[in-house]
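Structure at a glance
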Number of protein chains: 2
Amino acid sequence: MDNPDLLAVAVVGDGEAETGPLEGSWKGISFLNPARDGAVLPVLHLNGAKIAGPTVLGRKPADEVRSLFEGHGYEVIEVSGDDLPGMHHRFAGALGHAYRTITGIQESARSGRKYHRRPRWPMIILRSPKGWTGPSEVDGVKVTGTWRSHQVPLAGVRENPEHLQLLENWLRSYRPEELFNEGGFPTDLVLAANPPRSLQLSASAHANGGRLTRDLDLPDFRSFAVTVTHPGTELVESTRRFGDLLAEVYQRNPQTFRLFCPDETNSNRLGSVFDVSDRAFMERVTPDDVKISSTGRVMEVLSEHSCHGWLEGYTLTGRHGLFATYEAFAMVSASQTIQHSKWLEEASRLSWRAKVPSLNVLLTSTAWRNDHNGFSHQGPGLIQIVITHRGEVSRVYLPPDANCLLAVADHCLRSRSYVNLIVIDKQPQLQWLPIDQAIEHCARGASIWTWAGNDDGSREPDIVLACAGDVVTMETVAAAQILQEHLPQLQVRVVNVVDLMALIRPKDHPHGMSEVLFSELFTDSVNVIFAFHGFPGAVHQLIHGRPNTDRFHVRGFIEQGTTTTPFDMTVKNRVSRFHLVMDAIHNSPHTPRGSADLLTWCARRLHEHEGYIIEHLEDLPDIKNWTLSPQPPTH
Amino acid sequence: MDNPDLLAVAVVGDGEAETGPLEGSWKGISFLNPARDGAVLPVLHLNGAKIAGPTVLGRKPADEVRSLFEGHGYEVIEVSGDDLPGMHHRFAGALGHAYRTITGIQESARSGRKYHRRPRWPMIILRSPKGWTGPSEVDGVKVTGTWRSHQVPLAGVRENPEHLQLLENWLRSYRPEELFNEGGFPTDLVLAANPPRSLQLSASAHANGGRLTRDLDLPDFRSFAVTVTHPGTELVESTRRFGDLLAEVYQRNPQTFRLFCPDETNSNRLGSVFDVSDRAFMERVTPDDVKISSTGRVMEVLSEHSCHGWLEGYTLTGRHGLFATYEAFAMVSASQTIQHSKWLEEASRLSWRAKVPSLNVLLTSTAWRNDHNGFSHQGPGLIQIVITHRGEVSRVYLPPDANCLLAVADHCLRSRSYVNLIVIDKQPQLQWLPIDQAIEHCARGASIWTWAGNDDGSREPDIVLACAGDVVTMETVAAAQILQEHLPQLQVRVVNVVDLMALIRPKDHPHGMSEVLFSELFTDSVNVIFAFHGFPGAVHQLIHGRPNTDRFHVRGFIEQGTTTTPFDMTVKNRVSRFHLVMDAIHNSPHTPRGSADLLTWCARRLHEHEGYIIEHLEDLPDIKNWTLSPQPPTH
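First, a word on scope: everything that follows refers to the structure included in this document. The shown structure was predicted, so the numbers you read here are calculated from the model rather than taken from an experiment.

With that settled, the discussion passes to the relation of the copies chain A and chain B. Turning chain A through 180 degrees and shifting it by 0.0 Å along the axis lays it on chain B, with an RMSD of 0.1 Å. This pairing of chains is accounted for by a two-fold axis. In this assembly the copies share their binding face: 100% of the residues contributing to the interface of chain A also contribute to that of chain B.

Quick look at the pattern of salt bridges now. Residues and elements named next belong to chain A. One pass over the structure, following the stated rule, counts 82 salt bridges over all chains. For E392, the salt bridge goes to R390, with nearest N and O atoms at 3.8 Å. By relative accessible area, E392 is classed as partly exposed at 36%. The partner of K624 in a salt bridge is E618, with the nearest N and O atoms 3.2 Å apart. By relative accessible area, E618 is classed as partly exposed at 35%. Look at the salt bridges and you will find they share partners, linking D2, R36, D37, R258 and R297 into a network.

Residue and element names in this part refer to chain A. Residues L7, V9, V11 and Y99 make up a contiguous nonpolar surface patch of roughly 370 Å² in combined accessible area. With three residues, strand β1 (residues 7–13) is the largest single contributor of residues to the nonpolar patch. Residue placement: Y99 occurs in helix α4 (residues 86–110).

Two strands in a sheet stick together by hydrogen bonds in their backbones, pointing the same way (parallel) or opposite ways (antiparallel). Residues and elements named next belong to chain A. Spatial strand order, β1-β2-β4-β3: four strands in an open sheet with parallel pairing. The sheet is open, and its two borders are formed by β1 and β3 (75–80), each paired with just one other strand. Across the sheet, the mean angle separating the axes of adjacent strands is 20 degrees when strand polarity is ignored. Bridging between strand β2 (residues 39–45) and strand β4 (residues 122–127) involves three bridges; their strand directions are parallel.

A word on the packing of helix α8 (residues 238–252) of chain B against helix α12 (residues 402–414) of chain B. All names here are of chain B. Close contact between α8 and α12 brings their axes to 8 Å; oriented N to C, the two are set at 35 degrees. Here α8 and α12 pass one another in a crossing that is right-handed. Facing S238, T239, R241, F242, L245 and V249 of α8, the residues of α12 in contact are A402, L405, L406, A409 and L413. Within the contact of α8 with α12, the residues separate by chemical class into eight nonpolar, two polar and one charged.

Residues and elements named next belong to chain A. The linkage connecting L84 with the following residue, P85, adopts the cis geometry, with an omega of 5 degrees. On the secondary structure map, P85 appears in the loop between β3 and α4. For T133, which is not a glycine, the phi torsion comes out positive at approximately 75 degrees. Relative to the assigned elements, T133 resides in the loop between β4 and β5 (137–138).

For the rest of this paragraph, the subject is helix α9 (residues 304–316) of chain A. Residue and element names in this part refer to chain A. An ideal rise of 1.5 Å per residue puts 18 Å on 13 residues; α9 measures up with 18 Å between its terminal C-alpha atoms. For α9, a buried count of 10 out of 13 residues is recorded, marking the element as mostly surrounded by other parts of the structure. Buried residues of α9: E304, H305, S306, C307, H308, W310, L311, E312, Y314 and T315, and no others. Within two residues after α9, G318 carries a phi angle of roughly 95 degrees, on the positive side.

Each value, and the rule that gives it
- Residues numbered from 1 in each chain as written.
- Chains lettered and ligands numbered in written order.
- Predicted model: local features only at pLDDT ≥ 70, side-chain atom pairs only at ≥ 80, totals over all residues.
- Heavy atoms only, no water.
- Least-squares fit on C-alpha atoms with pLDDT ≥ 70 in both.
- Contact = heavy atoms within 4.5 Å.
- Salt bridge = Lys/Arg side-chain N within 4 Å of Asp/Glu carboxyl O.
- Buried < 20%, exposed > 50% of the residue type's maximum accessible area, 1.4 Å probe, protein only.
- Patch = residues over 30% accessible without salt bridge, like charges linked within 9 Å, V, L, I, M, F, W, Y side chains within 5 Å.
- Areas by Shrake-Rupley, 256 points an atom, 1.4 Å probe, with all protein chains shown as cover.
- Helix = DSSP H or I, 4+ residues; strand = E, 2+ residues; numbered from the N terminus.
- Pairing = 2+ DSSP bridges.
- Axes fitted to C-alpha atoms, helices over the stretch in contact; angles between N-to-C directions.
- Left-handed = near helix turned anticlockwise from the far one by under 90°.
- Nonpolar A, V, L, I, M, F, W, Y, C, P; charged D, E, K, R; others polar.
- Expected span 1.5 Å × (residues − 1).

Here you go:
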């Protein structure tokens, strides 16, 4: 995409062609504009077998296979046989035909004639025997043309003289005496077949995309900031602000930035991008359609696999992008996130591999606010995956509000060769930090929110209320306020964590905060009630090795959910403000007067909540409309 | 499958049809035998749009769509329009035609004529307007036939009288006065359209498959046991024994058990099943093929998604099965594992839902022994996922040898409504426990292996070496032996964990071992070096809340891997016997004479290892051929 002169030849084995994500990827041409994009020439290599048996496409009638790919929209070129050099000539002919067709499509599209419909791109179906030119029969059993040639056709060459002879015959069949001179070097005949250096595959910068990577032209993210005069008083859809930023990024980088999203750009409040770019679509568009055209560059396809794969290709060839998805659906493509992390991990060890733009993943429509969906849509599992990757590549951010999101996103869009996971909901949410404080907070990764607690820093607090994630941050600040109102004698500290990797020991992750900072925030011995966006176990594994981790009582998503009110999700998962208050009392080193009454009050409020939502199908007004009092309560 | 009289109608929206796994699933008919299986009638409902825009299949030319599904092997029946009652009649006609075609195929196959080729099953493509019969236009913008009708076409009925009027018009268009009598009850006309109770969907036992579930006829797993006269002296491919058991299960339960595996049954050493059943395949079979036919019942398709989905359907309709896959590839279908867990979790709260057979997942070809593959194949991520699910459903077993595998598998095959994850490698591996001890060990979930340590139980040991997982168990036993040889003064206890959930507190998981047992095994304060099969963080999160968890030093897969020797994988991830010995010394409460020498020795051995594998491409002979000395060393 946006790489008009690049032609990628993709060889697809008939084994891998059997997988779902690959079957889903043939429709990529419905999004490919020949005027400004390059092309892919798929070569479906049907040798008929995989590791242990035949394949579906290898054994279906040839007319059905042709019909299938014509149905996918391709011009099918078939090459079949086992004769030599006939196969070489026919395959070269097929490549030539395909190449002329592709360039013809591109020239026509680029000559100025506007394309309204997807062209019929060529593909090649190559049928050749599996294990072709290898030993045709071993131990009296057929090998060539069967699954037996998949791995090691001659297993016993060390012990079995007959196998050794078969191996020698096989290798001699390539006529090494014509290929190598007496010194063992390739002959001139062989060398003459090499392309000039500039045309060698390894010389293509597209195969080492970091060499082509240029920084994005990014606007000053501060200009998209929310004005926060007092924390916790104003509702904003944070991702909408981010969408405004993305629109500007699109505008300034028309050939090097794309958003990939399974049909949820508007739902995720990122719709501002449509002010500057349509959705890309090469199929029929009707007058009733909006923001969709062949010249659009926002990528929407209802396939997390295709979105993820396209973004991988886009970044690996040096361009920048973002994959935005409902949080729970990110597990659909988790295997791709893992494999891309592995690629980046290993690439970082190769000095000649230039760093590529990061794989940026925005998870929104989170577990805590799927008001109209429910349990199937409630799953913060990708955090659980990304934290297992090496510190060189893995980054997880949980911005609690719009300004933190902007600061984090700016950092991610500038970064290289990371997997950046950003998790924040799309619903209207309270805003906490003015932009300058947000920038400082995100740079530190975690800070004490002094205005949210009553711990003056002169001594250790009685309890630390920590939080990471937007909804649980609100519950934590609300819990701290309740505690201050009811038990002003209790010294409460509120710590917010935006960079999850800051919790890890610095020896295990470059973002890991120093031991001194960790102790400054969390003390060495005070109990910590940690309200976490994801599965509680994630925090336990991240803080391992920090002082006295048994004192961390983590609350989070414990796989309780349904279609319910926002506050009820926190109740069901025992991380509501009332649960946090009760946890604070139970874990305080002393029990101030009024504690028992406050426990009773919390239980009563929870009871009241349950009755109210059953009757009214929405949260109690004082919960729904809760804001942080501008003045801390005085007693 | 194996449900000859069941016809399932699957309605597929054109949004979901865009996903990869769904595109991959059309090929299911290549594995469906009309003589003994039921049928699926897919209805692809192309209304043209998803949440926010058009779909590919909805906008491709109709002849391409037809060609696509004919290419998938279907007879395409098209119904299209927006006229009423014409559409009802035409759709009823299409259903009738499809039904007759399906029953015709089945009758022909069941009349005794042998089927050699897949029949052309019918499917229906239904094109009707999206939001059909809803408000056609709202606020001057077209709604019917567009994505705008996807969710709530009239958002402002509470505030906007015009919207309220549109809503009323819409609802009145269904002529409620003909449908309900004055008391608000359905009229006789409506009731007459209901099928008799026995034909109602909710009366089908297939929709509540637990009602149809019968226990498997299982052989005595003890009869497949390995004879272990002395632990750690004999190499056996553990999964091969399990394959022998599975063959017997197949034999005894010809209609109620199937194995689902992406082309790896033989690779995973489960090939004994082919002695009693071929692979299922309805496409062309050649004389060179082996163990594959239309009457086969082993399900091999190179799609984890299809394997997982088929097994889900099989168990949900009351039959039993196992999904066996390379460990790392299990992440491909992780999202399905999650959603099935969620289904089981919620189903357990509905008293009328009878329990169904468990979803059994065998992960083999593990991270530690992918000798010929490498880093992409090294990923124990699914453990990380399953441990986040509710205790009601989640089970993770790490049998260290064949006999433990047999005991665990027998338990899993008898169980109901769990997700059972069993993780064990396929390569030849040392055997530890005679079958009776294995049964007891698995029932306890974790035990002290007294023969592996030198801790006599009279007092607390100096160090506990714990392990979970086959390869790391071998390293742990070897480390304990090294310590006993070199530092006999050090009291070493070896604890093996086979049921990972036993580590969790009993209040959080029904398998969680009691506090007393936990302290009996791990003490309350002695340092524990825990060698774990998966990511170390998993153990940290599981043991949270146990006494003094900071003393647990967990080693495991830390995302270091490549194509290398088996022992080098443990070296790269710092969980080799030498690393464990060094960890033990560093975490021992006292430092026996000889400790420094032993540290030096370990470093030297690691150095020697590195040099040797580079030269010989295999492990040092004393590592490769290591067995446990039958007599503990005396000093």
